[in-house]
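# Notes for the structure review
Residues per chain are reported as follows:
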Number of protein chains: 2
Amino acid sequence: MVSTCVVIRYNHSMLSEFELIARYFTRPPAKDGPVRLGVGDDCALVAPPAGEELAISTDMLVEGRHFFAGADPYQLGHKCLAVNLSDLAAMGARPLGFTLALALPSVDEAWLAAFSAGMLALADAHHIELIGGDTTKGPLTISITVFGSVPAAMALRRDGAQAGDDLWVSGSLGDARLALAMLQGTAKIDSTLAEAAELRLHRPTPRVALGLALRGIAHAAIDISDGLMGDLAHVLKRSGVGANLNADALPVGTALQQQVLVTRRAYALNGGDDYELCFSAPVSQREAVRTAALDCATPVARIGSITAESGLVVSDASGQPLSIFADSFDHFSHS
Amino acid sequence: MVSTCVVIRYNHSMLSEFELIARYFTRPPAKDGPVRLGVGDDCALVAPPAGEELAISTDMLVEGRHFFAGADPYQLGHKCLAVNLSDLAAMGARPLGFTLALALPSVDEAWLAAFSAGMLALADAHHIELIGGDTTKGPLTISITVFGSVPAAMALRRDGAQAGDDLWVSGSLGDARLALAMLQGTAKIDSTLAEAAELRLHRPTPRVALGLALRGIAHAAIDISDGLMGDLAHVLKRSGVGANLNADALPVGTALQQQVLVTRRAYALNGGDDYELCFSAPVSQREAVRTAALDCATPVARIGSITAESGLVVSDASGQPLSIFADSFDHFSHS
């Protein structure tokens, strides 16, 4: 009947999951920042700036589907956060923080160290914090939810495009898709260009500064994750408009410029993984757009215009419509 | 040189992923609610109540780890959201909305219909909305991020427990763990009690109303997802205190009451999946705690007290310390 007294002093093997999260991902919240309570409680607490709305987006990346098995963990950590920051950029929102849910087949400390380093380096570059997370055993799966803030009514929504607007795109298109083709053995890239193209695929740059600079200038914006045509179609559908696109005005990536015309056009129009911003703005704002782009050192190109009638017409520089095969990435139709 | 003109009119097979999400999970945001823009843009937009902080939590559930392969999809949809709402409850936060990231091995419309119905029924019960999501092909994995709001400095944090506080728990403990043992073939439950025990496992009730009622009354709170002892240990560690726990004061679940003493104690102390609230409150607030619990029709039991010296001592009703094996669920140590 008399039992031995056992005082539980936070058994360490019992807490290994929590220590795992803590060791690689937890840092104290910045003083005076919007994060009032970070990792380690039931919830994080965030105080958004007064009068601003919270912009929220979530993404899930699965090994073998969104990235190769054995992908470099530093680049993977960067990319997982970058694709979410790209959604904030497309909304004109200022990043505040993010949560990470992570399923791992096993605890590989070298992998975790590199993955968290890649992710947190990008977080530091944007002055944001990892505010909460969950870690479990399972097939390698990474789900991030990102939070930003934007003054009420200033968000760059998909439904704001107006007939007559110019259509713009940032940076360059198609090199990420070309790098993927190279890695899959279906394309060859000059070795001097291959590394830069691979960086476009593995370490995309979210256009956060441009998104912020376009507040009050652009009517609508979206980020190009699934390919320009597919993503632009979302803007057109939600805005109830159409567009004319000049295929010869597309800013084609440096490596892709060395490929044949049909590849250049296909990858620039439907490549995916570009994480550039496609946005519409009134003709009267052309100079404002160029100034905003210069201010954040992000090139922009005018690639077409919004039309009152629905449908997306792709033409060459002479205005001749082109036959384009729609090939936007769909996670269930491409098995 | 002359190409056929093709006008892309939002090819339907191209958009099937988005339609899939839309069909089962998208509903228009409620008028005058905090959600200003829901599913369908790069980000959702949420306006939290003025002066309140945002409480945010994220969870990931993996098939075969957190739920059985072939689990009932309606119950699964309920449980995935319930475990996240439980984190808001433990913070004293009022639920506002949630995002869903979902990896599915295939598009099974019957499964999706039931899963979304279970999830959205619970969302409706709490007047919250699914504000964004991501769907992809992959091993069945569900990641939810939930958002609530709480007045600044009113959150029930883990680090607020004070020596002398009473220790309380809501509802009852251990029936979920007993149901799991039954399903695994290691325990037998009287058939009249089995169904209710299984409901505790598969359809937990997040104690949201109690969490709200405990604002300004409780010093600290946590929800019991991994077992009372393991979760309480987090509170003690973060608060820099210890606790005495009376094992005979634990509110043992109805089915578990029929089991032998060692099982009753083990499952009540370390069972996991209870989603009850464990909280500390000053002795002077005993009546306030009981009134708060009555007001939201949630039973509470006083199970011990917080001590200045660290460590968790579990005793029986006579004050005799018990030998208890710590067995908090850890996702990596139990493979």
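To start, this report covers the structure provided alongside it. Quick caveat, the model's predicted, so the values are computed rather than measured.

About the thresholds
Residues numbered from 1 in each chain as written. Chains lettered and ligands numbered in written order. Predicted model: local features only at pLDDT ≥ 70, side-chain atom pairs only at ≥ 80, totals over all residues. Heavy atoms only, no water. Phe/Tyr/Trp six-rings, centres within 6.5 Å; stacked < 30°, edge-to-face > 60°. Helix = DSSP H or I, 4+ residues; strand = E, 2+ residues; numbered from the N terminus. Buried < 20%, exposed > 50% of the residue type's maximum accessible area, 1.4 Å probe, protein only. Contact = heavy atoms within 4.5 Å. Pairing = 2+ DSSP bridges. Axes fitted to C-alpha atoms, helices over the stretch in contact; angles between N-to-C directions. Left-handed = near helix turned anticlockwise from the far one by under 90°. Nonpolar A, V, L, I, M, F, W, Y, C, P; charged D, E, K, R; others polar.

The next subject is the packing of aromatic side chains. On inspection of all chains with the given rule, the structure shows five aromatic pairs over all chains. With centroids separated by 5.7 Å and ring planes inclined at 80 degrees, the aromatic side chains of Phe147 of chain A and Phe147 of chain B adopt a geometry described as edge-to-face. One end of the pair, Phe147 of chain A, is in strand 7 (residues 141-151); the other, Phe147 of chain B, is in strand 7 (residues 141-151), on a second chain.

Residue and element names in this part refer to chain A. Following the sequence through the fold, Arg265 ends up in helix 8 (residues 261-270). Arg265 gets classed as buried once you look at its relative accessible area, which sits at 17%. Setting aside residues no more than four positions away along its own chain, Arg265 makes contact with Ala247, Asp248, Asp316 and Leu322.

The next thing to look at is the sheet that holds strand 2 (residues 35-37) of chain A. Strand order across the open sheet formed by six strands is 2(A)-3(A)-4(B)-7(B)-5(B)-6(B), with mixed pairing between neighbours. Every interior strand has two partners, whereas the edge strands, strand 2 of chain A together with strand 6 (129-137) of chain B, have only one. Neighbour-to-neighbour, the strand axes of the sheet open up by a mean angle of 20 degrees, direction not taken into account. As paired elements, strand 3 (residues 44-46) of chain A and strand 4 (residues 52-62) of chain B share three bridges and run antiparallel to each other. Across the sheet, residue Leu45 of chain A finds its bridge partner in strand 4 of chain B, namely Ala55 of chain B. Running at roughly 30 degrees to strand 7 of chain B, helix 2 (residues 73-91) of chain B makes contact with strand 2 and strand 3 of chain A together with strand 4, strand 5 (94-104) and strand 7 of chain B of the sheet.

Relative orientation and spacing of two packed helices are given, respectively, by the angle between their axes and the distance between those axes. All names here are of chain A. It is the contact of helix 2 (residues 73-91) with helix 3 (residues 109-125), at a shortest axis distance of 6 Å, that shows an interaxial angle of 35 degrees. Handedness of the crossing formed by helix 2 with helix 3: right-handed. For the pair formed by helix 2 and helix 3, the contact residues are Pro73, Tyr74, Leu76, Gly77, His78, Cys80, Leu81, Ala82 and Leu85 on the first element and Trp111, Ala114, Phe115, Ala117, Gly118, Met119, Ala121, Leu122 and Ala123 on the second. Residues of the contact of helix 2 with helix 3, tallied by class, amount to 15 nonpolar, three polar and no charged.

Right, let's talk about the pairing of strand 9 (residues 220-223) of chain A for a bit. Residues and elements named next belong to chain A. Covered by surrounding structure in strand 9 are Ala220 and Ile222 together with Ala221 and Asp223, the residues of both alternating faces. Bridge count for strand 9 against strand 11 (residues 277-281) is four bridges, and the pairing is antiparallel. Bridge pairing links Ala221 to Phe279 in strand 11.

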